[in-house]
Each structure stands twice: as C-alpha cells, then as structure tokens.
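Each chain is listed here by its residues.
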Amino acid sequence: MNDLTGAGPARTRAFLGAGLVLVSCLSVQASAALASTLFDRLGAPAVAGLRQLCAALVLMVLVRPGVRGHTRQEWAGMVVYGAAMAVMNVAYYGAVGHLPLGVAATLLFLGPFVVAVASARAWREALLPAVGLVGVVLVTEPGGTVAWAGIVFGLLSALALACYTVFAQRVGRASSGLEGLAVSVGISALLLLPFSLPAAPGVNGSDWGLVAVSGVVGVALAFTLDFRAVKMAGAKVVATLFSLDPLMGALVGALALAESLSAPVLVGMGLIVSAGAMATWRAERLPASPMPSSTDHP
C-alpha cells in the first residue's frame, strides 16, 4: 500500500484513492445510522466519544504507535488533526440528531468543498466542486422546515471536516505509516473523555456492541481509508470526492429509514457523482502529494 501512495501515474493513484473514499463514505454513513439509535438513551456527544474511544483502542493495538521522536511541528499537526476529528464527530452527530441523514451529510460536505475551491489554481478546476455543490443543494431539497440547531451543528461539522482534510495530508507527510493517524485518533478520544466517561456506566451490553461496531467501521476503518486516500490523491481531490458523503447519506437513509428519493435528489446525486469522477480524471494534471520522510514536516 505504501508503494501505491507514492509511485505510479497520478491518475492511477487518484482512482485508487477514489475507491477508498467511496468505501469510507459508506462506512461513515452506515455507522452514523447505526449509532443514531443510541442518541435518545446516551446523547450524541457521549456516543461520539465512546465510539472514538473504541476506535483509538483498536488502532493503538494494531499500529502500536511510538510517542517519542516527533518534532513539535508533528505534534502540533497531530493535535489539530485529533481536535478536528473530535469536533467533527460531536457536531455531525448533533446534526444527525436534528436533520435527516442526507441533509446532515450535505452540510458536512461544505467543509471540503471550501478546501477544494481554495486550492483550485484555475477557474476550470473550481467548476468541479461547484458542480458538486449544485448537487448538494438539490439533495438538501431546500424549502422545508428548517431545524436551526441541526444547521448550526452541520456547519460546525463542515468547518471541522475542512481542518480534518488539510491536516490529514500534513500528518500523512510526516508519518511513514499509520502512526500519525493512530496518535491523532487517540488525542481525539482523550478530548472527548468528558462526554464518554460519565456515560460509560449506563451503557449495557447490546449498546456496547453498537458502539464498538460504529467505532471500528465509522472511525478506525473510515479514517484509515481517508488517510490513505489523501496520501494517494492529495487533499484537493479527496476533498472533492467527499461529495459522495451526501449521496451515501441519502442512500443509507432510504434503505435504513425508508426515506423516499425525489427527482431533484436523484439529479443532485448524479451531479455529485459526476463531479467526483471528473475530479479523479483530472488528477493526472495535478502534482503528486509529497512523500513522507524523516525530514518532511508539515
């Protein structure tokens, strides 16, 4: 996998990265639908903290990251990366608690959309995330009753995901494997302990099963795939491909929550997928992400 992240044509890396993002988006939305069943009993912040803790334990056991030998810049990057994870999880779950899954995922996409537009070097490249945004608006189906608390949580999750996208690349450059990711997830879990620890005694056996599955699938697996995808294709391409999140959210909502999909939503999905595919295809013209080394710091 490490060879694929730094060698080969940019288009090949981009297609591989796109596949990882696709699985990651599905993992995030499916785990969010699963975890949402616990919101009424435990609360969204507690669920976010508990699943982050489970993910951190899994990654620590599998990766066994070292805590020594990191520079101040590397630690700063991992702390910001972990903080972005923590805020994103709590805010996104807060949005899911007030909004349909597809709408919450739509607001979440606004973060990487801004990253993609800001990193565009030509107006043609900026058109791709713009097409994705049009699709996002259609998926949202504006005009209904607005849950402002959910909107605020959604926008906060978008800001956190923008930081997450940028610092995933920075941490990836400074880490030869998944050590930076594992440490960052651990930092995220520590920051969420004020929410997770008080709720832990009230979690029963079946709840722990849901939390564990949600943490492994929605955090450990999804974040690992995102991390690899950013190293393969770069932050801008992955940011545009995060437009698949609203698509996955709407599909999971339809399958798990029996939500119907209107014609505008279907058109929006088509635009989102098209923007993601075009971003992957045009990645051949983009410079490859710098490879990590012992002297390559954020």
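### Let's talk about the overall build of the chain
Here is step 1: Each helix and strand in the chain was counted, giving 14 helices and zero strands.
Here is step 2: Taken across its 298 residues, the chain has 52% of its residues classed as buried.

### Remarks on the side chain of Ser24
Here is step 1: Here Ser24 is to be found in helix H2 (residues 10-35).
Here is step 2: Among all residues touching Ser24, those that are not within four sequence positions of it are Ala222, Leu225 and Asp226.

### Topic: the packing of aromatic side chains
Here is step 1: Tallied over the full model, the rule gives three aromatic pairs.
Here is step 2: An aromatic cluster is defined as three or more aromatic residues linked by ring pairs; in this entry it consists of Phe39, Tyr92 and Tyr93.

### So, the pattern of salt bridges
Here is step 1: Counted according to the given criterion, the structure contains one salt bridge.
Here is step 2: Asp207 is the partner of Arg41 in a salt bridge, and the nearest nitrogen-oxygen pair spans 2.5 Å. Remark: Asp207 occurs in helix H11 (residues 205-233) and Arg41 occurs in helix H3 (residues 39-42); sequence separation between them is 166 residues.
Here is step 3: We classify Asp207 as buried; its relative accessible area is 3%.

### Quick word on the confidence of the model for the chain
Here is step 1: For the chain, per-residue confidence averages 77 on the pLDDT scale, and 82% of positions sit at 70 or higher.
Here is step 2: Looking over the chain, one finds the lowest element-wise mean pLDDT in helix H1 (residues 2-6), namely 46, and the highest in helix H10 (residues 193-199), namely 91.
Here is step 3: Contacts for the low-pLDDT stretch residues 1-7, under 50 throughout, to residues beyond four places or in other chains number 15 contacts.

### A closer look at the packing of helix H4 (residues 44-63) against helix H5 (residues 72-96)
Here is step 1: Between H4 and H5, whose axes approach to 8 Å, the crossing angle comes to 140 degrees. As judged from the angle between their axes, H4 and H5 are oblique. By crossing handedness, the relation of H4 to H5 is classed as right-handed. On H5, the residues that touch Ala44, Pro45, Val47, Ala48, Arg51 and Gln52 of H4 are Met85, Asn89, Val90, Tyr93 and Gly94.

### A word on the packing of H4 against H11
Here is step 1: Following both chains from N to C, one finds H4 and H11 inclined at 60 degrees, their axes separated by 7 Å at the closest point. Classified by the angle their axes make, H4 and H11 are oblique. As H4 runs across H11, the sense of the crossing is right-handed. Contact residues: Leu50, Arg51, Gln52, Cys54, Ala55, Val58 and Leu59 in H4; Trp208, Val211, Ala212, Ser214, Gly215, Val216, Gly218, Val219, Ala220, Phe223 and Thr224 in H11.

### So, the environment of Pro264
Here is step 1: By the element assignment, Pro264 lies in helix H14 (residues 263-281).
Here is step 2: Taking the C-alpha atoms as reference, Pro264 lies 5.5 Å from Leu138; in sequence the two are 126 residues apart.

What counts and what doesn't
The written sequence of each chain sets the order in which its residues are numbered from 1. Residue-level local features of this predicted model are given only where pLDDT is at least 70; pairs of side-chain atoms are given and counted only at 80 or more, and the full residue set underlies all totals for whole chains, interfaces and linings. Only hydrogens and water are set aside when side-chain values are computed; all heavy atoms of the structure are taken into account. Numbering of helices and strands starts at the N terminus; helices are DSSP runs of H or I of at least 4 residues and strands are runs of E of at least 2. When accessible area is computed with a 1.4 Å probe and restricted to protein chains, residues below 20% of their type maximum are described as buried, those above 50% as exposed, and intermediate ones as partly exposed. Whether two residues are in contact is decided by their heavy atoms, any of which lying within 4.5 Å being enough. Aromatic rings from Phe, Tyr and Trp, with only the six-membered ring used for Trp, were paired whenever their centres fell within 6.5 Å, and each pair was classed as stacked if the ring planes differed by under 30 degrees, edge-to-face if by over 60, and tilted otherwise. Take a side-chain nitrogen of Lys or Arg and a carboxyl oxygen of Asp or Glu: if they are within 4 Å of each other, that pair is a salt bridge. You can read pLDDT as the predictor saying how much it trusts each residue, on a scale of 0 to 100. For helices, the axis comes from a line fit to the C-alpha atoms of the stretch in contact; other axes are also lines fit to C-alpha atoms, and the angle between any two N-to-C directions lies between 0 and 180 degrees. By the definition adopted for this analysis, an angle is roughly parallel if under 35 degrees, roughly antiparallel if over 145, roughly perpendicular if from 65 to 115, and oblique otherwise. When the near helix sits turned anticlockwise from the far one by under a right angle, the crossing is termed left-handed; a clockwise turn instead gives a right-handed crossing.

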